[in-house]
Amino acid sequence: MNVNYFSNAEAMSRSAADIVLEEVRRNPELLLCTATGSSPKKLYQILAEENRQQMSLFQKVRIIPLDEWIGLPTPEGSCHTYIDEHILRPLQIPIEHYFGFNRDAAQLEKECGRIQELLHREGPIDVCILGLGKNGHLGFNEPADVLQPHCHIASLSPQSQEHSMIENTPSKPTKGLTLGMQDILAAKKIILVVSGEGKEKATQRLLSGDISNDCPASWLSKHDNVDCLIVN
Ligand code: GLP
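The model shown is predicted, which means the values in this text are computed figures rather than measured ones. (Residues numbered from 1 in each chain as written. Predicted model: local features only at pLDDT ≥ 70, side-chain atom pairs only at ≥ 80, totals over all residues. Heavy atoms only, no water.)

(A) How the structure looks around the pattern of salt bridges. Scanning the entire structure with this criterion turns up 13 salt bridges. With a closest N to O distance of 3.5 Å, Glu 10 and Lys 42 form a salt bridge. Pair noted here: Glu 10 is in helix H1 (residues 9-26) and Lys 42 is in helix H2 (residues 41-53), with a separation of 32 residues, a long-range link. On the accessibility criterion, Lys 42 (23% relative accessible area) is partly exposed. Where Arg 14 meets Glu 50, a salt bridge forms, and the shortest distance between an N and an O atom there is 3.4 Å. You can see Arg 14 sitting in helix H1 and its partner Glu 50 sitting in helix H2, a full 36 residues away along the chain. Judged by relative accessible area, which is 19%, Glu 50 ranks as buried. Because the salt bridges share partners, they merge into one network encompassing Arg 62, Arg 121, Glu 122, Asp 126 and Lys 188. (Salt bridge = Lys/Arg side-chain N within 4 Å of Asp/Glu carboxyl O. Helix = DSSP H or I, 4+ residues; strand = E, 2+ residues; numbered from the N terminus. Buried < 20%, exposed > 50% of the residue type's maximum accessible area, 1.4 Å probe, protein only.)

(B) Representation of the site of the ligand. Of all residues adjacent to the ligand, which total 14 residues, the nearest are Ser 38, Ser 39, Asp 67, His 163 and Lys 199. Side-chain polar atom of Asp 67 to a nitrogen atom of the ligand: 2.7 Å apart, as the coordinates give it. Lys 199 is positioned with one of its side-chain polar atoms (N or O) 2.6 Å from an oxygen atom of the ligand. A total of 390 Å² of accessible area belongs to the ligand in isolation, and the protein chains cover 94% of it. Here the ligand occupies the largest pocket. In terms of residue class, the shell around the ligand is made up of four nonpolar, eight polar and two charged. (Near = heavy atom within 4 Å. Polar contact = N/O pair within 3.5 Å; in protein donor to acceptor, adjacent residues only side chain to side chain. Areas by Shrake-Rupley, 256 points an atom, 1.4 Å probe, with all protein chains shown as cover. 1 Å grid on protein atoms, 1.4 Å probe; cavity = no way out; pocket = protein on both sides within 12 Å on 5 of 7 lines; lining within 4 Å. Sits in = over half its atoms within 2 Å of the grid points. Nonpolar A, V, L, I, M, F, W, Y, C, P; charged D, E, K, R; others polar.)

(C) Main features of the sheet that holds strand E9 (residues 226-231). Within the open sheet, the six strands sit side by side as E1-E9-E8-E5-E2-E3. Their pairing is parallel. Two strands in the sheet have a free side with no partner beyond their single neighbour: strand E1 (2-6) and strand E3 (62-65). Along the sheet, successive strands turn relative to each other by an average axial angle of 15°, direction set aside. Two elements, strand E8 (residues 189-194) and E9, share five bridges in a ladder whose sense is parallel. Paired with Ile 191 across the bridge in E9 is Asp 227. Helix-sheet contacts for helix H4 (residues 108-122) involve strand E2 (31-34) and E3, and the interaxial angle to E3 is about 150°. (Pairing = 2+ DSSP bridges. Axes fitted to C-alpha atoms, helices over the stretch in contact; angles between N-to-C directions. Contact = heavy atoms within 4.5 Å.)

(D) View of a nonpolar patch on the surface. Nonpolar side chains collect at one region of the surface, where Met 1, Tyr 5 and Leu 207 lie side by side and expose about 280 Å² of accessible area between them. Relative to the elements of secondary structure, Tyr 5 occurs in strand E1. (Patch = residues over 30% accessible without salt bridge, like charges linked within 9 Å, V, L, I, M, F, W, Y side chains within 5 Å.)

(E) Structural view of unusual backbone geometry. Residue Pro 124 is bonded to the preceding Gly 123 through a cis peptide linkage, with omega at 0°. Its place among the elements puts Pro 124 in the loop between H4 and strand E5 (127-131). In this model, Ser 56 sits at a positive phi of 70°, which is unusual for a non-glycine residue. Here Ser 56 is to be found in the loop between H2 and E3. Ser 56 sits in the partly exposed class, given a relative accessible area of 43%. Despite not being glycine, Gln 92 has its phi angle at roughly 55°, a positive value. Inspection of the secondary structure assignment puts Gln 92 in the loop between helix H3 (79-88) and H4.

(F) Layout of the sheet that holds strand E4 (residues 67-70). Strand order in the open sheet formed by three strands is E4-E7-E6, and the pairing between neighbours is antiparallel. Among the strands making up the open sheet, the edge pair consists of E4 and strand E6 (152-155). On average, each strand axis in the sheet is inclined to that of its neighbour by 30°, with strand direction left out of account. Note that E6 and strand E7 (residues 175-178) share four bridges and pair antiparallel. Paired with Ala 154 across the bridge in E7 is Gly 176. Taken strand by strand, H4 contacts E4, E6 and E7, and its axis lies near 125° from that of E6.

Set out below in structure tokens:
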């Protein structure tokens, strides 16, 4: 794992954006998996600025979300709304290049199957942008005895239910859709951006090199192309 420290989120995001831009320039059709949340927000803003300088930079890029909340009463706070606002519209990504999850699907198990087929057809992921959960989760792969390899319906930890994206929702979701650990680890390149309070313990676990399911992010040490960018 290539680990770099930054004194602020601006510098970290600039560096992460440079990595994404290099990959997009090398492969303009790449499949980009995008985490939501606070950590990558500035990174997406910088990509949007680049896109304003060089129109159509992202025109052929394909986007797959990392995860999605289940059971939100309105689109507010959803990963789809975030991706639309911070990625699809500012980067001018055609809607047919977006492989969003249907959080309202009547049969969510079938939706997981659909996403898995899609990943089989379009994948593997070329670049996967990840954030780190306070409890060491990746997407909604929460600490557990057994981690799921593929897209599944996850039971959310109390930490996930406290996440700022859903702070204004009247009732907290208890479940989420997420790509699985094997889907994430099959990505050719992973960019993990770590910022925000309360992540010290999870970061220590991640960097210790010890792998265990009670810190899903620790599995990233098994991958040979991870850039980990940390604000400290
Ligand atoms: C959330 C999301 C993840 C996100 C992570 C960190 O629960 N499910 O996709 O990457 O937690 O979020 P943040 O960057 O806001 O700390």
